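Secondary and tertiary structure notes
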Amino acid sequence: MAERSPWFYLTTPIYYVNDVPHIGHAYTTIAADVLARTHRQMEEPVFFLTGTDEHGQKVWQSAEKHSLSPQLYVDRILPRFRDLWVRLGISNDDFVRTTQPRHVKGVSEVLARLREKGDLYEGAYEGWYCLPDERFWTDKDVVDGLCPECRRPVERISETNIFFRMSRYQEWLISWYESHPESIRPESRYNEIMGFLRKPLADLCISRPKSRVPWGIPIPFAPDYVTYVWFDALLNYVTVPWSLGATPGEGLDRLWPAVHIIGKDILTTHAVYWPIILAALDLPPPRLIFAHGWWTVDGEKMSKSRGNVVDPGALLDLFGTDPLRFYLLREGQFGHDVDFSLIGLINRINRDLANDLGNLLSRVAAMADRYFPGEGVSRPETPGSPELREAANTLLPEALARTQALEFHRALQTLWEFVAELNRTVDLRAPWVLAKDPERRGELSAVLYDLLEGLRLTALYLAPFLPETSGKILEALGVPAGISILSYREHGVFGLEKIYRVQETGSLFIKRDTLGNPLGEEGEGSRKKTRSDKTATATPEPAASGKERPSETEQEKPNKASEVSAPAPLIDYADFQKVRLATGIVREAEPVPKSKKLLKLSVDVGEPVPRTVVAGIAGSYRPEDLVGKTVVVVTNLAPATLMGVTSQGMLLAATTQDGVALLTVDGPAAPGNGIK
Ligand code: MSP
């Protein structure tokens with residue numbers, strides 16, 4: 001094998017573009033992002049790739065349903081993923097779409113090369129096919145006519161196709177894994193693959209007849225066929241580096257081999273098909289395949305087909321980026337399944353983030369501001385807290401080692417041991433007591449300096465996990481370096497800063513009640529605050545943080561979302577039925593004169609004459625964007641006159657971060673259809 005590339009090339013799976021992104025997708029991508037940011041802080045050149053899988057039968061069928069060309073359809077739905085990654089602070093270096101010409105070109109070249117090598121042949125296929133998974137199964141895989149993967153019915157199919165001689169490489173792959181057991185992790189997944197490879201490998205069918213699946217990369221030498229979507233998708237990991245540099249040493253050679261982070265559902269394709277495709281192309285297998293566990297809801301895998309997906313967008317609206325990143329990586333062991341719970345997320349925010357870290361920063365900053373205004377807190381001759389320095393020297397490198405090993409929850413646990421050490425130092429050394437004695441001013445300054453340095457180092461080690469928070473901590477401490485240039489080597493030294501001029505600062509995190517609503521309260525005995533009063537004041541002394549913290553065992557208890565009770569009064573179904581809802585199509589839209597908020601719409605609800613509906617949505621929609629839109633209308637609301645216009649109904653809309661978003665229906669609907 002060639003010498004290992006100096007690059008840290010890291011990938012996520014490319015997600016099916018027509019899926020609704022959920023926290024499972026977010027989980028993989030955030031984990032990869034943490035790893036990418038960590039390696040950047042280790043000063044390694046990093047190339048972090050994610051993207052979307054855009055071909056195949058399902059996409060084609062969805063496009064048909066929307067009466068759009070497949071390309072237009074995927075272009076339209078792509079922002080679901082792209083925008084989510086921006087909101088989650090994902091620092092990918094490139095974003096691949098399998099419909100991009102660079103990828104299509106790479107796949108066509110691979111097909112031609114494999115054909116030349118004699119690795120492809122034409123053959124007849126008869127067997128079972130799972131349409132939703134787009135996978136073939138043999139008789140022994142299929143029990144009761146169901147797909148072994150997704151448990152949905154399979155179809156019998158018989159057709160001629162192009163096959164890839166995978167079986168040729170089986171012995172080679174087994175011996176590769178025998179000598180590289182560390183290349184599939186966790187170990188249980190390695191064992192799973194070795195077990196799989198004990199059975200003879202069937203050749204891989206890499207084509208689909210255009211008559212059945214018209215949306216895919218054409219096979220250059222077989223005009224009636226397109227490329228099987230998985231064969232196409234896996235190749236993204238090499239087509240992108242190829243596209244970045246044409247000359248040897250500049251393109252793929254520079255980056256390869258990659259670290260692939262995937263979910264356990266796609267282990268076989270990555271650990272069996274993929275290294276074999278690479279071997280056929282004379283490329284070494286991936287450096288590491290790490291298959292993490294599933295996010296479940298009440299023990300069931302989260303997926304669109306099960307209808308139990310947790311929407312990361314809604315969680316972001318409620319809690320923001322860093323709390324969600326923290327929860328997903330702190331809650332369970334990477335590699336194992338984890339059950340989602342809203343209460344679990346809220347507990348993490350209130351205890352770990354707001355109490356342990358947020359209060360700590362507020363208290364230390366407030367004390368530095370109060371006791372050393374203007375003059376600042378300077379680096380002392382002798383350490384303010386040798387114990388704290390010792391903890392920094394052991395715990396912080398350990399947290400980094402855990403992150404490098406993809407043990408994210410252990411890394412965060414270790415970082416929080418350091419945060420606990422900082423809180424303990426505040427409590428034990430009680431700077432507010434030292435401040436009362438002018439003779440102990442030097443000691444006061446030294447202790448505060450060590451606490452401020454401890455916070456700076458916390459920000460450094462936390463930056464890959466919580467980039468926004470880390471930036472806020474550094475800003476509060478007055479450290480000029482932005483987080484994008486952080487380096488463990490350069491900035492990881494205790495005693496680096498000469499002087500801290502710190503001002504009292506607001507809260508890093510907002511505490512939540514059991515429903516996720518912001519709580520204004522912070523510290524002991526402070527007043528309750530209103531929703532909009534988000535910034536809690538610092539409470540430097542005596543210790544507020546730490547005291548309310550439950551024991552670690554209590555924190556680890558799984559909490560179920562179902563434990564959260566709804567405060568709203570319950571209504572009978574008969575009450576609900578009183579509200580008449582129907583689909584409507586907006587035919588005309590115009591502003592209501594002299595109103596900034598209102599639009600006057602003419603909505604077809606299947607009656608002989610369209611209704612006039614006045615809606616307070618001008619802040620979020622332009623009239624011309626509404627014409628043709630399918631909306632949900634309350635049709636039996638008593639008419640009301642708004643700014644001189646009588647409204648004969650009401651549109652349903654959700655409140656979003658940016659204003660409102662109209663409710664619509666997922667599929668074609670005629671005007672006036674009832675809503676159940
Ligand atoms: N398009 C293929 C992958 C091709 S990669 C060359 C695909 N896409 S997917 O949209 O279904 O995404 C699968 C990935 O999403 C999983 O491997 C995992 O990373 C993530 N998750 C999807 N559901 C998940 C959970 N319920 N829990 C955790 N992660 C899961 O398969």
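Throughout what follows, the structure given in this document is the object of discussion. (Residues numbered from 1 in each chain as written. Predicted model: local features only at pLDDT ≥ 70, side-chain atom pairs only at ≥ 80, totals over all residues. Heavy atoms only, no water.)

**A look at the overall build of the protein**
The helix and strand tally for the protein stands at 23 helices and 29 strands. Here the protein, with 676 residues, has 53% of them falling under the buried criterion. Sequence separation of 24 or more characterises 74% of the internal contacts of the protein that already satisfy a separation of 6 or more. As presented, the protein carries roughly 30,300 Å² of accessible surface, and 52% of it is formed by carbon and sulfur atoms. (Helix = DSSP H or I, 4+ residues; strand = E, 2+ residues; numbered from the N terminus. Buried < 20%, exposed > 50% of the residue type's maximum accessible area, 1.4 Å probe, protein only. Contact = heavy atoms within 4.5 Å. Areas by Shrake-Rupley, 256 points an atom, 1.4 Å probe, with all protein chains shown as cover.)

**What about the layout of surface pockets?**
Looking at the second largest pocket, its volume works out to about 940 Å³. As for the second largest pocket, its lining consists of 35 residues, and the residues nearest its centre are Arg-135, Trp-137, Asp-141, Phe-196 and Tyr-273. (1 Å grid on protein atoms, 1.4 Å probe; cavity = no way out; pocket = protein on both sides within 12 Å on 5 of 7 lines; lining within 4 Å. Points joined across faces, edges and corners; volume = space filled by probe spheres on them.)

**Some points on the sheet that holds strand E16 (residues 338-339)**
Taken in spatial order, the three strands make up an open sheet running E15-E14-E16, and their pairing is mixed. Across the chains shown, the open sheet's two edge strands, defined by having one partner strand only, are strand E15 (300-301) and E16. Here two bridges tie strand E14 (residues 295-297) to E16, and the two strands are oriented parallel to one another. Of the residues in E16, the one forming a bridge with Trp-295 is Val-338. (Pairing = 2+ DSSP bridges.)

**A few points about the packing of aromatic side chains**
As enumerated under the stated definition, the model contains 24 aromatic pairs in all. With a centroid separation of 5.6 Å and an interplanar angle of 50°, the aromatic rings of Tyr-9 and Phe-47 are classed as tilted. Of this pair, Tyr-9 sits in strand E1 (residues 8-16) while Phe-47 sits in strand E2 (residues 46-53), and the two are 38 residues apart along the sequence. For the pair formed by Tyr-9 and Phe-47, the shared burial category is buried. Members of the aromatic cluster, connected to one another through ring pairs, are Tyr-27, Phe-290, Trp-295, Tyr-327, Phe-334, Phe-340, Phe-408 and Phe-465. In this arrangement the basic side chain of Arg-82 is found over the ring face of Phe-95, its NZ or CZ atom lying 4.6 Å from the centre. The ring of Tyr-129 is capped by Arg-212, whose NZ or CZ atom sits 4.6 Å from the centre of that ring. (Phe/Tyr/Trp six-rings, centres within 6.5 Å; stacked < 30°, edge-to-face > 60°. Lys NZ or Arg CZ within 6 Å of the ring centre and 35° of its normal.)

**A few points about the state of the cysteines**
Across all of its chains, the model carries zero disulfides by this definition. Not engaged in a disulfide, the cysteine Cys-130 finds its nearest cysteine sulfur in Cys-147; these two sulfurs lie 3.7 Å apart. (Disulfide = S-S within 2.5 Å.)

**Some words on the packing of helix H12 (residues 312-319) against helix H13 (residues 321-331)**
Interaxial distance between H12 and H13 falls to 7 Å at its minimum, and their mutual angle equals 125°. One finds that H12 runs oblique with respect to H13. Between H12 and H13, the residues in contact are Pro-312, Leu-315, Leu-316 and Phe-319 and Thr-321, Pro-323 and Leu-324, respectively. (Axes fitted to C-alpha atoms, helices over the stretch in contact; angles between N-to-C directions. Parallel < 35°, antiparallel > 145°, perpendicular 65-115°, else oblique.)

**Observations regarding the site of the ligand**
Near the ligand, the surroundings consist of 25 residues, among which Ile-14, Thr-28, Asp-53, Gly-263 and Trp-295 are the closest. Between Asp-19 and the ligand, the recorded distance is 3.4 Å, taken from a side-chain N or O atom to an oxygen atom. In this structure, Gly-263 approaches the ligand through a main-chain N or O atom, which is 3.0 Å from an oxygen atom. A total of 670 Å² of accessible area belongs to the ligand in isolation, and the protein chains cover 96% of it. Of all elements in the fold, only E1, helix H1 (23-41), helix H8 (229-234) and strand E12 (259-263) reach the threshold of two or more residues within the shell around the ligand. With four residues, E1 is the single largest residue contributor to the shell around the ligand. In terms of residue class, the shell around the ligand is built from 13 nonpolar, eight polar and four charged. (Near = heavy atom within 4 Å. Polar contact = N/O pair within 3.5 Å; in protein donor to acceptor, adjacent residues only side chain to side chain. Nonpolar A, V, L, I, M, F, W, Y, C, P; charged D, E, K, R; others polar.)

**Side note on H12**
Of all the positions in H12, only Pro-312, Gly-313, Leu-315, Leu-316 and Phe-319 are classed as buried. Considered in projection along H12, the buried side chains sweep an arc of 160° and stay on one side of the axis. Contacts from the buried residues of H12 go to H1, helix H4 (79-87), H13, helix H14 (342-371) and strand E19 (511-512). Regarding H12, its N-cap is Asp-311, as a side-chain oxygen of that residue lies 2.7 Å from the backbone nitrogen of Gly-313 further along. (Arc of directions from axis to C-beta.)

**Remarks on the packing of H1 against H13**
Interaxial distance between H1 and H13 falls to 10 Å at its minimum, and their mutual angle equals 90°. Compared by their axis directions, H1 and H13 come out roughly perpendicular. Contacts between H1 and H13 involve Ile-23, Ala-26, Tyr-27, Ile-30, Ala-31, Asp-33, Val-34 and Arg-37 on the former and, on the latter, Arg-325, Leu-328 and Leu-329. Broken down by class, the residue content of the contact of H1 with H13 amounts to eight nonpolar, no polar and three charged.

**Description of the pattern of salt bridges**
Counting across every chain of the model gives 32 salt bridges. Ionic pairing is found between Glu-421 and Arg-424, a salt bridge with its closest N-O pair at 2.7 Å. Here Arg-424 and Glu-421 lie together in helix H16 (residues 408-429), a separation of three residues that amounts to about one turn. Look at Glu-421 and you get buried, because its relative accessible area is 16%. Connected through salt bridges with shared partners, the residues Asp-33, Arg-37 and Arg-325 form a single ionic network. (Salt bridge = Lys/Arg side-chain N within 4 Å of Asp/Glu carboxyl O.)

**Focus on empty space enclosed by the protein**
Rolled over the atoms, a probe with the dimensions of a water molecule shows which regions are left empty. For the structure shown, the criterion picks out four cavities of 30 Å³ or more. By volume, the second largest cavity is sized at about 50 Å³. Around the second largest cavity sit Thr-38, Ala-399, Leu-400, Thr-403, Ala-411, Leu-415, Tyr-461, Pro-464, Phe-465 and Tyr-488, which together line it. Broken down by secondary-structure element, the contributors of at least two residues to the lining of the second largest cavity are helix H15 (386-404) and H16.

**A few points about the side chain of Glu-54**
Tracing the chain through its elements places Glu-54 in the loop between E2 and helix H2 (57-65). In this structure Glu-54 comes out as buried when scored by relative accessible area, which is 0%. At 2.7 Å, the side chain of Glu-54 forms a polar contact with the side chain of Arg-97. With residues near it in sequence (within four places) discarded, Glu-54 still touches Val-17, Val-59, Val-74, Leu-78, Arg-97, Thr-98, Thr-99 and Trp-215.

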